[in-house]
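These are the residues of each chain, in order.
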Amino acid sequence: MIYGLGKRLQEQRLLKNLSQKEVAASVGVSASIISNYESSERTPSVEILMALARLYHCSTDYLLGFDRDEKGMFLDVSMLSDEQKKLLQHFLLSLGK
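Remember, predicted model here, so these are calculated numbers, not experimental data.

Novice: Sorry, what's going on with unusual backbone geometry here?
Specialist: Most peptide bonds adopt trans geometry, and most residues besides glycine take a negative phi value. Located in the positive-phi region is Asn-17, a residue other than glycine, with phi close to 55°. At Ser-40, a residue that is not glycine, the phi angle is positive and equals roughly 65°. Along the chain, Ser-40 turns up in the loop between helix H3 (31-38) and helix H4 (46-56). For Ser-40, a relative accessible area of 33% gives the class partly exposed.

Novice: I keep staring at a nonpolar patch on the surface and nothing clicks. Help me out?
Specialist: On the surface, Phe-91, Leu-92 and Leu-95 cluster together into a nonpolar patch covering about 310 Å² of accessible area. Taking the relative accessible area as the measure of exposure, Leu-95 reaches 55% and is therefore exposed.

What counts and how
- Residues numbered from 1 in each chain as written.
- Predicted model: local features only at pLDDT ≥ 70, side-chain atom pairs only at ≥ 80, totals over all residues.
- Heavy atoms only, no water.
- Helix = DSSP H or I, 4+ residues; strand = E, 2+ residues; numbered from the N terminus.
- Buried < 20%, exposed > 50% of the residue type's maximum accessible area, 1.4 Å probe, protein only.
- Patch = residues over 30% accessible without salt bridge, like charges linked within 9 Å, V, L, I, M, F, W, Y side chains within 5 Å.
- Areas by Shrake-Rupley, 256 points an atom, 1.4 Å probe, with all protein chains shown as cover.
- Salt bridge = Lys/Arg side-chain N within 4 Å of Asp/Glu carboxyl O.

Okay, here's the thing in structure tokens:
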């Protein structure tokens, strides 16, 4: 098992106010499998890990313990136009100045 993965999975699930059953239905496994992931008894496959990251709106790097900043959160901009993405990027860059 990957150190801390279960804890981070549980933390993200609780932040989203989801039950293990709801998470399981979203990623296509049983609630007992989600319980096993969170208790570090099992390690999710790459496909399931990616599905969990999408569900929790965080990076797989965060879940795996590589990204320790800002809980590995990301912003889904897929619904924005190219122009809107450029404006958002400009705005975010201006915050760092």
